[in-house]
Amino acid sequence: MYQTTYHRASSVDEAASLFAKGSESKFLAGGQTLLPVMKQRLASPSDVIDLGKIKELQGVELSGDTLIIKAATIYYDIMTNADVKKAIPAISYLTSVLGDPAVRYRGTIGGSIANNDPAADFPAALLALGATVKTNKRSISAEDFFQGLFTTALEDGEIITAVSFPVPAKAGYEKMRHPASRFALTGVFVAQSKSGEVRVAATGASQSGVMRVPAIEAALKANWSPAAIDGVTISANGLLADIHGTAEYRANLIKVMAQRAVAAAR
Amino acid sequence: MGVEGIGARVVRKEDKRFITGKGRYVDDIKLLGMTHAHFIRSPHAHAKVKGIDSSAALKMPGVVAVLTGQQIVDDKVGNLICGWAITSKDGSPMKMGAWPAMAPETVRFVGQAVAVVIADSKNLARDAAEAVVVNYEELPAVADMQAAIKAGAPQLHPEAPGNQVYDWVIGDEGATDAAFAKAANVVKLDVTNNRLAPNAMEPRAAIADYDAAEEHFTLYTTSQNPHVARLVLSAFYNIAPEHKLRVIAPDVGGGFGSKIFIYPEEMVALWASKKIGRPVKWTGDRTEAFLTDAHGRDHVTHAEMAFDANNKITGLKVKTYANFGAYMSLFSSSVPTYLYATLLSGQYNIPAIHAEVVGVYTNTTPVDAYRGAGRPEASYLIERLMETAARQLKVDPAQLRRTNFITQFPHQTPVIMAYDTGDFNASLDAAMKAIDYAGFPARKAKAKADGKLRGIGVSCYIEACGIAPSKAVGSLGAGVGLWESAEVRVNPVGTIEILTGSHSHGQGHETTFCQLVAERLGVPISQVSIVHGDTDKVQFGMGTYGSRSAAVGLTAILKAMEKMESKAKKIAAHALEASEADIVIENGEFKVTGTDKAIALPMVALAAYTAHNLPDGMEPGLKESAFYDPTNFTFPAGTYICELEVDPGTGKTSFVDFVAADDFGRLINPMIVEGQVHGGLVQGIGQALLEHAIYDANGQPVTASFMDYAMPRADDVPSFNLSHTTTLCPGNPLGIKGCGEAGAIGASAAVINAITDAIGKNNLEMPATPDRVWRTIHAA
Ligand SMILES: Cc1cc2nc3c(=O)[nH]c(=O)nc-3n(C[C@H](O)[C@H](O)[C@H](O)COP(=O)(O)OP(=O)(O)OC[C@H]3O[C@@H](n4cnc5c(N)ncnc54)[C@H](O)[C@@H]3O)c2cc1C
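Residues numbered from 1 in each chain as written. Chains lettered and ligands numbered in written order. Predicted model: local features only at pLDDT ≥ 70, side-chain atom pairs only at ≥ 80, totals over all residues. Heavy atoms only, no water.

Asker: Just checking my understanding: could you explain the site of the ligand for this structure?
Answerer: All names here are of chain A. In the vicinity of the ligand there are 32 residues, among which Phe27, Gly31, Tyr75, Thr108 and Asp121 approach most closely. In the environment of the ligand, an oxygen atom lies 2.7 Å from a nitrogen or oxygen atom belonging to the backbone of glycine 31. Contact with the protein chains covers 91% of the free accessible surface of the ligand, which is 960 Å². Mapped onto the shell around the ligand, the elements with two or more residues apiece are strand E2 (25–28) and helix H7 (109–115). Looking at which element gives the most residues to the shell around the ligand, the answer is H7, with five residues. In terms of residue class, the shell around the ligand is built from 15 nonpolar, 12 polar and five charged. (Near = heavy atom within 4 Å. Polar contact = N/O pair within 3.5 Å; in protein donor to acceptor, adjacent residues only side chain to side chain. Areas by Shrake-Rupley, 256 points an atom, 1.4 Å probe, with all protein chains shown as cover. Helix = DSSP H or I, 4+ residues; strand = E, 2+ residues; numbered from the N terminus. Nonpolar A, V, L, I, M, F, W, Y, C, P; charged D, E, K, R; others polar.)

Asker: Mind showing me how you'd approach the interface of chain B and chain A here?
Answerer: Where interface size is quoted, it is often the accessible area lost as the parts come together. Contact with chain B, which involves 24 residues of that partner, is made by 25 residues of chain A. Taking both sides of the interface into account, the surface hidden between chain B and chain A amounts to around 1900 Å²; carbon and sulfur atoms contribute 51%. Three residues, Met707(B), Arg713(B) and Asp771(B), lead the burial of chain B against chain A; their summed loss comes to 27% of the area buried on that side. Counting across the interface, chain B meets chain A through six salt bridges. With a closest N to O distance of 3.2 Å, Asp716(B) and Arg182(A) form a salt bridge. Our count for the chain B to chain A interface comes out at 12 residue pairs in polar contact (both at pLDDT 80 or more). Classifying every residue of the side of chain B that touches chain A by side-chain character gives nine nonpolar, four polar and 11 charged. (Contact = heavy atoms within 4.5 Å. Buried area = accessible area lost by both parts, 1.4 Å probe. Salt bridge = Lys/Arg side-chain N within 4 Å of Asp/Glu carboxyl O.)

Asker: What exactly am I supposed to notice about the domain arrangement of chain A here?
Answerer: According to the domain assignment, chain A contains domain 1 (5–50), domain 2 (57–166) and domain 3 (171–264). Averaged C-alpha coordinates put domain 1 of chain A and domain 3 of chain A at centres separated by 34 Å. (Domains from an automatic or database assignment.)

Asker: Is there a simple way to explain helix H18 (residues 670–689) of chain B in this structure?
Answerer: What sets the pattern is the α-helix's 3.6 residues per turn: residues three or four places apart point alike. All names here are of chain B. Helix length check: H18 (20 residues) gives 28 Å between terminal C-alpha atoms against 28 Å at 1.5 Å per residue, within 8%. Across the 20 residues that make up H18, a large majority, 14, are buried. Between a side-chain oxygen at the N-terminus of H18 and the backbone nitrogen of methionine 671 the separation is 3.0 Å; the capping residue is asparagine 669. (Expected span 1.5 Å × (residues − 1). Buried < 20%, exposed > 50% of the residue type's maximum accessible area, 1.4 Å probe, protein only.)

Asker: Is there a simple way to think about the UniProt feature "domain: FAD-binding PCMH-type" (unreviewed entry) in chain A in this case?
Answerer: Feature annotation in UniProt places "domain: FAD-binding PCMH-type" (unreviewed entry) on residues 1–170 of chain A, given in this structure's numbering. Secondary structure over residues 1–170 of chain A splits into 35% helix and 21% strand, and the C-alpha atoms at its two ends are 45 Å apart. (UniProt positions renumbered as here; feature names shortened; annotations may be inferred.)

Asker: Whenever I open this one, empty space enclosed by the protein confuses me. Can you help?
Answerer: Where empty space is left becomes clear once a probe the size of a water molecule has been rolled over the atoms. Residues and elements named next belong to chain B. Tallied over the full model, the rule gives eight cavities of 30 Å³ or more. Volume-wise, the largest cavity comes out at about 110 Å³. Around the largest cavity, the lining is made up of 16 residues, and of these Trp99, Phe109, Pro264, Glu265 and Thr292 lie nearest the centre. Among the residues forming the lining of the largest cavity, the class breakdown is 10 nonpolar, three polar and three charged. Its boundaries defined by the atoms lining it, the second largest cavity holds a volume of some 70 Å³. Around the second largest cavity, the lining residues are Arg297, His299, Ala322, Asn323, Phe324, Ser332, Val335, Pro336, Val367, Asp368 and Glu377. (1 Å grid on protein atoms, 1.4 Å probe; cavity = no way out; pocket = protein on both sides within 12 Å on 5 of 7 lines; lining within 4 Å. Points joined across faces, edges and corners; volume = space filled by probe spheres on them.)

Asker: Explain the sheet that holds strand E14 (residues 313–325) of chain B here, please?
Answerer: Backbone hydrogen bonds hold the strands of a sheet together, and the pairing may be parallel or antiparallel. Residue and element names in this part refer to chain B. An order of E7-E15-E14-E13-E8 is seen for the five strands of this open sheet, with the pairing classed as mixed. Of all strands in the sheet, those bounded by a partner on one side alone are strand E7 (164–171) and strand E8 (185–193). Strand-to-strand, the axes of this sheet are offset by a mean angle of 10 degrees, without reference to chain direction. Examined bridge by bridge, strand E13 (residues 299–307) and E14 share nine bridges and lie antiparallel to one another. Counterpart to histidine 302 in the pairing with E14 is lysine 319. Those strands touched by helix H6 (residues 173–181) are E7, E8, E13, E14 and strand E15 (353–361), and its axis lies near 125 degrees from that of E14. Of the strands in this sheet, E8, E13 and E14 touch helix H10 (residues 375–393), which is tilted by about 140 degrees from E8. (Pairing = 2+ DSSP bridges. Axes fitted to C-alpha atoms, helices over the stretch in contact; angles between N-to-C directions.)

Asker: Which parts of the structure should I look at to understand the environment of Glu562(B)?
Answerer: All names here are of chain B. Along the chain, glutamate 562 falls in helix H16 (residues 549–576). Residue classification places glutamate 562 among the partly exposed residues on the basis of a relative accessible area of 36%. Separated by 74 residues in the primary sequence, glutamate 562 and valine 488 have C-alpha atoms spaced 9.7 Å apart.

Asker: Quick question: what am I supposed to make of the pattern of salt bridges here?
Answerer: Oppositely charged side chains are able to pair whenever their charged atoms sit close together. Residue and element names in this part refer to chain B. Counting across every chain of the model gives 56 salt bridges over all chains. Notably, a salt bridge pairs aspartate 251 with arginine 17, separated by 2.6 Å at the nearest N-O pair. With aspartate 251 in the loop between strand E11 (245–248) and helix H8 (264–276) and arginine 17 in helix H1 (residues 15–19), the pair connects residues that are 234 residues apart, well separated along the chain. Between arginine 17 and glutamate 510 there is a salt bridge, and its shortest N-O distance comes to 2.9 Å.

Laid out in structure tokens, this is it:
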């Protein structure tokens, strides 16, 4: 790791002003992505601004049909939160298969979506549930927020404060774990909104990051059941291929995971 | 056996310090004035080093030196050696490419060091390393073995035309051909034994400390065999004469073979410490471990097995290509030859065997012994062949094995090994019973109804352990003897120190070795300590590998104990005015049988050291040593059966049950043995399902971190069902065969045989990743 200056911010405003003062600042949440990258000397921020202790970035709120998860809430707290279990159990399940216990005790939803790893779990949930990302400056729809591999709509110094999820009628998530990293080799989040809209998002599969799967959405719109997906063909074009999975395999996984997610949806 | 004697499940003494964070590993050691080394490693798989500009680095604060490959060659530090000479079938010696500790001219694998930066701190060394400019001229590289042996392939070493290390044969080719000519059936199989990264939990590390006044070096290092390290460093690498070099291997966090070898980093640290006049520490990180710890396995094999009309095996032909990586590591030459092809008879009566092994250089990390070393490759091959044969001949795989089991001992195989004892039917029976083999078809049918593909796979392994009778291995080209030494010191107040040449790096010697003393003397193990891992404390010894520490190391301790006891009995008899022949040792006392006369061990010890009243002519003291050279290898064997389900939608494997019935001869501590089996099985399963060290065509490693290289985790493996069927080893007085490698040797074939049974296709390479299994299921 290169030399850096560490700051612990106590409010979002303080974090933003500390960020602006540094020549090359970085926000730190759970550090599960940022710290390994710094240790490998692949990142060398002048200043690291820790968001982890900011009170207003912590916790979960359920009001009516909206579930709000604050940005610096760790996965473990999301997984065990009663409101999350009640409103969107698929999110509770998603956090239970995310990484390992050490990662779940440190990593945060804000860090996950800011990083937008093409194999991360949360981006699929946000996209399928039609969530809104709240920042210290604005609200951004999930659709607009994720912009390809490790790229988001966030501007320099912009802080995610929370994610707001409309509570769906039903939602489910299934993931084939990457055998080494335990990220998603392919994960599919399916959701049916209270107004009957169906959205399906796949992560870990596409060369351009998290994506909607229109063919499966159409099949499920017509008939919300695993069998409805039987006839769908997913093209391997544009899908990731590496030592752990060919593009054809990932195409198959999109379908199989979607079917299982529908079967598990509540 | 007593509560702490042989056969007792004694809790490990050493665990207190390990689980409370009080272990003392090389990286925990800090010396006054210590500097830190950071190696500059080649990013290219094959390149010429055109120049190294360290001027900017040398100006940085805290930088002590930047030393290069040319300097180490100029200072006449020897090239790395390979300690086992193998002769090709044409009579020519193996072709060894020169391997300097740092490359002066040519780098041949990604990660090979070209220079080292030495600075006041680890971070400063790393900073400065970034300021060193190495000018490389890239050369074409070849990572794939099949590509490397083709005409026109990039050549690694001028010494080795065609990138060939050797072309070695064993067995009777004529007899084997004749068997095939008469065969009723021939079964053919191509298998790949995937390359593995050893991944000990503790990365390699070294601290070298040169004392200019004494012209003496101390090396703290992560070694499985500190005396061998000292021998090689002094005899071949010109570092220092043996008496001027002390090697200490303190707590070592796992080795699995990878810490047998003497690596460039230790050599450089020693040499640099003298050059700069300060201690030099190097602790590898995980990436360096992936790049530079000797890898394991990496064979490509074609094999054919001939059967007569009664399904009896009549012959076996094997041709194996073994990847050596870029250089010949210390014992690399023996692994695919004498540790592999000599086990090709498996548990079976095979009248004729012929095997040919071609060693190949590629631009990859050197390959050497890794848990099992050659024997997993042999066992995997034979057990895959047996399963394939059963399918082709349409007989039950367990029955086909039974038909061919060796049942008479001793048994001379056609490939050197003479099995001393065993009962292969007993372990097969035990495993089949434990897994309810007979009930499998019903379970398979039920799984099918649930949409799952269920399979069962058998693996009957045998290994040659307790390595090894020195004369025998000497005649086969080994550069060292493979005996072990021990010393028993009874202190004046009766506590006991056992000094052993074996080295514990996770095996629990500090407990098991004490159990022998408890068994013989009836003293609590708290009165006994085990001293190992320091060449200044312990007499020359050979170290730990090849499941040898109990069979060879503990036998040496027994021999020394017997000498000590004999002297102690004389002292006791003298004190008790009894005949030596009437003295028995019980509960820490020397007793005159049939009387209530006794003298406690501390009193005997005190008598030995005060020497006021010893038998006439007896030397004072109570300390004996022994060297033990085994008369044969030992032959642990057993049956593993694995039952699993494959998810046809994803190709993912889930274990239902895994049973292991092993014959290790006598068990000293069954709990520790179980731990060894668990660990070995997990490594075997890791090889079968997850692990693979992969290079791209240009020799760039693709799996140099845990984000890409899949290590098995607790939830990847089942809860194991273990049992033992015991035949005592006749080769050593304790009847021990060894248990350290069995799991890693036998498990992978059981897993692959079960998966191929489940999916109904015979050809499936390791690791059987979900992707690969899914593609195999759906392949035309
Ligand atoms: C072994 C391992 C396994 C893993 N497995 C999985 C897995 O299965 N699935 C998965 O999804 N992920 C996985 N991860 C990644 C993990 O989820 C990370 O925690 C996550 O990617 C980043 O979250 P963090 O809170 O740790 O963020 P950090 O590492 O602290 O930060 C990541 C990036 O986000 C930025 N950032 C953080 N918070 C904010 C904010 N509020 N506003 C703006 N920018 C912000 C930081 O500046 C940084 O650039 C794994 C990680 C490891 C180490």
